[in-house]
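Understanding the architecture of this molecule
Given next are the chains, with one letter for each unit.
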Amino acid sequence: MADSILDVRGIHKSFGALKASDGITLDLKPGEIHALIGPNGAGKSTLIKQIAGGLNPDSGSVHFMGRDVSVMTVAARARLGLARTFQISALAMGYTVLENAVLGAVGETGSVFRFFKPAMKDADLLGRAYAALDRVGLRDQAGVITSELSHGQRRQLEVAVALTLAPKAFLMDEPMAGMGAEGSKELTTFLQDLKHEAPILLVEHDMDAVFALADRISVLVYGKIIATGSVADIRANADVRTAYLGEEDAA
Amino acid sequence: MIAERHLNAIILAILVLIPAYAVIADEPFTITLATKAVILALAGVGLNFALGQGGLVSFGHAAYFGIGGYAMGILASHAQSYTPLMEVPFVIEGSNSMPVIWLVAVISGGLLALLIGALSLRTRGVYFIMVTLAFGQMLYYFAISWPAYGGEDGLSIYVRNQFPGLNTLVPIQFFGLCFVILLIVLFIVNRLNKSPFGLALMGAHQNEERAKTVGIDVYKMRLVAFAISGAITALAGALFADLNRFVSPVMFDWHTSGQIMVFIILGGVARLFGPIVGASLYILLEHFLGGMSEYWQIYLGAILLFMVLFAKGGIIGRLSKKEQTHGG
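Just so you know, these numbers come straight off a predicted model, no measurement behind them.

Parameters at a glance
- Residues numbered from 1 in each chain as written.
- Chains lettered and ligands numbered in written order.
- Predicted model: local features only at pLDDT ≥ 70, side-chain atom pairs only at ≥ 80, totals over all residues.
- Helix = DSSP H or I, 4+ residues; strand = E, 2+ residues; numbered from the N terminus.
- Rg over C-alpha atoms; globule rule 2.2 N^0.38 Å.
- Buried ≥ 20, exposed ≤ 12 C-beta atoms within 10 Å, placed from the backbone.
- Contact = placed C-beta atoms within 7 Å.
- Pairing = 2+ DSSP bridges.
- Axes fitted to C-alpha atoms, helices over the stretch in contact; angles between N-to-C directions.
- Nonpolar A, V, L, I, M, F, W, Y, C, P; charged D, E, K, R; others polar.
- Domains from an automatic or database assignment.
- Expected span 1.5 Å × (residues − 1).
- Left-handed = near helix turned anticlockwise from the far one by under 90°.

1. Concerning the overall build of chain B
Counting its secondary structure elements, chain B contains 13 helices and two strands. Relative to a compact globule of 328 residues, whose C-alpha radius of gyration would be 20 Å, chain B shows 19 Å and is just as compact. Projecting the C-alpha coordinates of chain B onto the three principal axes gives extents of approximately 55 × 50 × 40 Å. The proportion of buried residues among the 328 residues of chain B is 50%. Sequence separation of at least 24 residues holds for 74% of the intrachain contacts in chain B that already meet a minimum separation of 6.

2. Brief notes about the sheet that holds strand E5 (residues 67-68) of chain A
Residues and elements named next belong to chain A. Strand order across the open sheet formed by four strands is E2-E1-E4-E5, with antiparallel pairing between neighbours. This sheet does not close on itself; its edge strands, each paired only once, are strand E2 (18-28) and E5. Note: strand E4 (residues 59-64) against E5, two bridges, orientation antiparallel. Within E5, the position partnered with His63 by the bridge is Asp68. Here helix H1 (residues 44-52) sits on the sheet and contacts strand E1 (6-15), E2 and E4; the angle it forms with E2, its principal contact strand, is near 55 degrees.

3. Brief notes about the interface of chain B and chain A
Accessible area lost upon the coming together of the parts serves often as the stated size of an interface. Counting from both sides, the interface comprises 25 residues of chain B and, opposite them, 34 residues of chain A. Mapped onto the side of chain B that touches chain A, the elements with two or more residues apiece are helix H6 (171-194), helix H7 (196-206), helix H8 (208-213) and helix H9 (218-244) of chain B. Among the elements that make up the side of chain B that touches chain A, the one with the highest residue count is H7(B) (six residues). Taken together, the residues that form the side of chain B that touches chain A break down as nine nonpolar, ten polar and six charged.

4. Description of the environment of Gln173(B)
Residue and element names in this part refer to chain B. By the secondary structure assignment, Gln173 is in helix H6. Among the residues examined, Gln173 registers 15 C-beta atoms within 10 Å and is labelled partly exposed. What Gln173 contacts, discounting residues up to four positions off in sequence, is Leu166, Asn167 and Thr168.

5. Topic: the domain arrangement of chain A
All names here are of chain A. In terms of domains, chain A is made up of domain 1 (1-81 + 167-251) and domain 2 (93-165). Averaged C-alpha coordinates put domain 1 and domain 2 at centres separated by 26 Å. Taken together, the contact between domain 1 and domain 2 spans nine residues of the former and seven residues of the latter. Among the residues making up the side of domain 1 that touches domain 2, the classes are represented as five nonpolar, four polar and no charged.

6. Quick word on helix H3 (residues 62-81) of chain B
Relative to the 28 Å expected for 20 residues at 1.5 Å per residue, H3(B) spans 27 Å between its end C-alpha atoms, a close match to the ideal helical length. Backbone geometry just downstream of H3(B) places Tyr82(B) in the positive-phi region, at approximately 55 degrees.

7. Some words on the pairing of E1(A)
Residues and elements named next belong to chain A. Inspection of the sheet shows E1 paired to E2 by eight bridges, in the antiparallel sense. Within E2, the residue paired with Asp7 across the bridge is Asp27. The turn linking E1 back onto E2 is made up of two residues, and Gly16 within it adopts a positive phi angle of 60 degrees. Relative to E4, E1 runs antiparallel, the two being bridged by five bridges. Bridge assignment links Arg9 to a residue of E4, and that residue is Ser61.

8. Points about the packing of H7(B) against H9(B)
Residue and element names in this part refer to chain B. Packing of H7 against H9 brings their axes to within 10 Å, and their N-to-C directions diverge by 115 degrees. The way H7 lies across H9 gives a crossing that is left-handed. Facing H7, whose interface residues are Ala200, Leu201 and Ala204, H9 presents Val218, Met221 and Ala225. Across the contact of H7 with H9, the residue classes tally to six nonpolar, no polar and no charged.

9. Some thoughts on the sheet that holds strand E3 (residues 33-37) of chain A
All names here are of chain A. Ordered by their spatial adjacency, six strands build an open sheet running E6-E7-E8-E3-E9-E10, and the pairing between neighbours is mixed. Strands at the two margins of the open sheet, each flanked by one partner only, are strand E6 (82-85) and strand E10 (224-229). Averaged over neighbouring strand pairs, the angle between their axes works out to 15 degrees when direction is ignored. Pairing of strand E7 (residues 169-173) with strand E8 (residues 200-203) involves four bridges; the strand directions are parallel. The partner of Phe170 across the bridge, within E8, is Ile200. Packed on one face of the sheet, H1 meets E3, E6, E7, E8 and strand E9 (216-221) and runs near 150 degrees to E7. Together, E6 and E7 form the strand contacts of helix H5 (residues 151-164), whose direction differs from that of E6 by roughly 170 degrees.

Printed below as a string of structure tokens:
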């Protein structure tokens, strides 16, 4: 386990009588896509918040790059290189595509407390921003106001902003949500490439995408990981079939 | 619709031409009105940085306006009576030099905003509004009950403070001084808005989660913005006290906070020149409507209601489309 980028060790989180995280242990190794699946209400969002920050576990720990980040803020974890994309696009909607990407670069370079030189004339910030936009194919939209982007383009921009952080790991919450078949396919190819740069913890409902992409899959049900394994393992696992996939789908 | 740049140039031109005309026509009162507009605009520029760019709806900016006023009042009253401000552990004399007073006002305004911000920025929405309001009112009642500097009656300063090379008692010279300060502050705020700091501040206003996930310490950033905002409004407070040669607890009152906010809403939230247009219009209304009726604020209320309902971007928003602050 020593070579894991991200290491979640036995975290518990309860809300009253509800055990949202009931001793969850999972890790993310270099170069892999580890998919997290589970029915609605399984505690995926709670788990993500404990990994990305914003919610501290009652017990257990989250290690990132060998450091205990269990009680660090979202911003501190991001500065260590944990990049996150959201299920519902979290972007500055009044900003242009480029401004959003530059915002990411400002965070990455720690230049928030620079007060005088215009951000949009800073060659370093612009270079990072354009490089990220190039990679997701949004350079031509650089001047477009984000609220005018299509849903799929917003998802791409989410990924671009994450890329500006030069991350050590990605935490992606349903990146395929609401994407058309074409968009999903493109993103799938893109993520397959991206994982060699930094591993991806992928929370996704799109089973086709998960089975196509994931090196490992963990199944979360009622706050517990009931199975972790390769695509074939998970397909064959009887518990997973009854709990999640449903008998008829698994046939 | 005209370009914001051109509109701003026109606004500045009007702001210079009116007092210039008043000099020729020998109407010193008009110059005083223009000076008041410039100073209140400056207070609005301060609040607009927190409220417009940062999304921090402070209903307690009278605290900074007031502390700037009292910085002037306290320093000048000691200079006037030739008594030191304090003797233990070391002697601090009063001062009637404007640059010294401004410096003290800016520093105390900034520090006060740091303190109030550190506590209030932990809250959100209506709670933030209420907490800032409460701090402002605390200072208001403190000023009323503190007898050393006039208590409820306030402090009168008999001679306007001095600025090297100028006779500040000549209305047009004092106007020029205030106008140049406004220009300098506008330049600085404009640079701030375009800087990485401004980009991140406005980004966090639009989507706080996004700013955090790219590694920005939003609380710390907002605290710095709040301190800058308070420092600017405190500078305006010092000038306002010098304009009237009088400072009283009213400067700390929540009505003052509301007034500063009205300038921004009238002129245009998050627009660089919004507070200038708003404060000027306010002064015009106060002067002309106030001359007709004691209840002129009823009309102000109607105008404000109209603006909020039909012209969300304020007057500037009606006349000029918002450009991307950062361009590109």
